[in-house]
Amino acid sequence: MTETKRLRQAARCLSPAIGRLLAPHISLLEHTVQEIRLRAARPVALVGAQCVWYLTQSGGLTDLPCGDLFRAQPGDLEATFQRACDYSVYARQHELQNGFVTLRGGHRMGVCGTAVMQGGSVLNVRHISSLNLRIAREHRGCGKKLFAQLRGKSGGVLLCGAPCSGKTTLLRDLARLFSAEDGRQTALIDERGEIAAVCDGVPQNDVGFCDVFDGYPKAQAMEQALRSLSPQVMICDEIGSEADVQAVRSCVHSGVRVIAAVHAADREEATARPAVRELLKTGAFEQLVFLRGREHAGELSGVVKSGELCAA
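These figures come from a predicted structure and were not determined experimentally.

Chemist: Account for the overall build of the protein chain, with residues named and values stated.
Modeler: For the protein chain, the helix and strand inventory stands at 12 helices and 16 strands. Over its C-alpha trace the protein chain gives a radius of gyration of 20 Å, about what one expects of a compact globule, namely 20 Å for 312 residues. By its C-alpha atoms, the protein chain is 60 × 40 × 40 Å across when sized along the principal axes. Residues classed as buried in the protein chain amount to 49% of the 312 residues present. Of all intrachain contacts in the protein chain linking residues separated by at least 6 positions in sequence, the fraction that spans at least 24 positions is 61%.

In structure tokens:
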């Protein structure tokens, strides 16, 4: 999938009314839009790194949040939600319990509404009030600088960044580089389907020669990879649960290098998060790499040795 088709692919799930208004602007926005936000009875927002655009009733585009703006109706949100779920909400219940669904191509739709609870867990979501369609992009080569620093070393790396800072994009490129260019046996743990975007067993994104665990709970996938695939490198997104920590410890004992990501915008936030502290105690991560943020997705802001952070 070329970068010029990413927005077009993601936009297929939008309701017919919103899709018609957006279609004339796809070419203009395809390189800049990161998210499409729908809120019931509110303007449709097309969010870029440095600007937000709004669709107008007349089919135009404006950066002013006022005037003749098109407002998404509850029916638009329901239609978009059903399309994102391929009209099978029941089959997406595992994802919905975590507040999102993953679309073909690795795009992710955050879902907000009225929770239907069962046994203390979210069974379904009704009366959808907000949807956030995040556009997945590959950006092949964005990990080369970091890869050059990591190549030939053995310590693990923890990528730290705020939402939309490019953690997943960077992990995807590192997976490609380690497996295809460095020839390392690499297990890619893709619980949410955002990294490889597997469809019918075939990754839609270029992740090199990785063995991809698609949709598995991270900890379970890591244990299975250790037992059956003899990986040299393990790559996974957004770790931090107690089960994840135990699985990382197993990787350390097996001599497997772990490259993973956590939500932490800076050193202070990383230090304050108990999950990060527990991960550092495993000894799996030699350094933490911080990303610059939404406006510079995938770019590094600094590298910190784990020992320095623990001592801070």
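Chemist: Explain the sheet that holds strand β15 (residues 285-291) to me, and be specific about the residues and the numbers.
Modeler: Pairing within the open sheet is mixed, and its 7 strands lie in the order β12-β9-β13-β14-β8-β15-β16. The strands lining the two open edges of the sheet, one partner per strand, are β12 (211-214) and β16 (300-305). Neighbour-to-neighbour, the strand axes of the sheet open up by a mean angle of 20 degrees, direction not taken into account. Relative to β12, strand β9 (residues 186-190) runs parallel, the two being bridged by 4 bridges. The residue bridging L188 from the neighbouring strand is V212, located in β12. The strands touched by helix α8 (residues 218-228) within the sheet are β9, β12 and β13 (233-236), with β13 carrying the most contacts at an inclination of about 165 degrees.

Chemist: Can you tell me about the state of the cysteines, naming the residues and giving the values?
Modeler: Counted by the stated rule, this structure contains 0 disulfides. Free cysteine C13: the closest other cysteine sulfur is in C85, separated by 9.6 Å. C251 carries a free sulfur, and the closest cysteine sulfur to it, the one in C236, is 7.7 Å from it.

Chemist: How would you sum up the layout of surface pockets? Please name residues and give values.
Modeler: Rolling a probe over the atoms, with the probe sized like a water molecule, indicates the empty space that remains. Approximately 780 Å³ is the volume attributed to the largest pocket. Every residue lining the largest pocket is counted, 32 residues in all, and those nearest its centre are R92, E95, T102, L103 and R104. Looking at the lining of the largest pocket, the elements that each hand over two or more residues are α1 (6-10), α4 (74-84), α5 (93-96), β5 (100-102), β9 and β10 (198-199). Partitioned by chemical class, the residues of the lining of the largest pocket number 11 nonpolar, 7 polar and 14 charged. When its volume is computed, the second largest pocket comes out at roughly 600 Å³. The wall of the second largest pocket is formed by 31 residues, among which I135, C164, G166, T169 and A297 lie closest to the centre. Contributions of two or more residues to the lining of the second largest pocket are made by β1 (33-39) and α7 (167-181). Classifying every residue of the lining of the second largest pocket gives 8 nonpolar, 12 polar and 11 charged.

Chemist: How would you explain helix α11 (residues 274-281) if you had to name every residue and give the values?
Modeler: If you check which residues of α11 are buried, you get A275, V276, L279 and L280. Buried positions in α11, seen along its axis, are confined to an arc of 135 degrees and lie on one side of it. Looking one or two residues beyond α11, the residue adopting positive phi is G283, at roughly 80 degrees.

Chemist: Go over the pairing of strand β6 (residues 108-118), please, and point to the residues and values.
Modeler: In the sheet, β5 pairs with β6 via 3 bridges, with the strands oriented antiparallel. What sits directly across from T102, in β6, is R108. What sits between β5 and β6 in their antiparallel hairpin is a turn of 5 residues, with G105 showing a positive phi close to 100 degrees. With 10 bridges connecting them, β6 and strand β7 (residues 121-134) associate as antiparallel partners. If you follow M109 over to β7, its bridge partner there is L133.

Rules used in this analysis
Residues numbered from 1 in each chain as written. Predicted model: local features only at pLDDT ≥ 70, side-chain atom pairs only at ≥ 80, totals over all residues. Heavy atoms only, no water. Helix = DSSP H or I, 4+ residues; strand = E, 2+ residues; numbered from the N terminus. Rg over C-alpha atoms; globule rule 2.2 N^0.38 Å. Buried < 20%, exposed > 50% of the residue type's maximum accessible area, 1.4 Å probe, protein only. Contact = heavy atoms within 4.5 Å. Pairing = 2+ DSSP bridges. Axes fitted to C-alpha atoms, helices over the stretch in contact; angles between N-to-C directions. Disulfide = S-S within 2.5 Å. 1 Å grid on protein atoms, 1.4 Å probe; cavity = no way out; pocket = protein on both sides within 12 Å on 5 of 7 lines; lining within 4 Å. Points joined across faces, edges and corners; volume = space filled by probe spheres on them. Nonpolar A, V, L, I, M, F, W, Y, C, P; charged D, E, K, R; others polar. Arc of directions from axis to C-beta.

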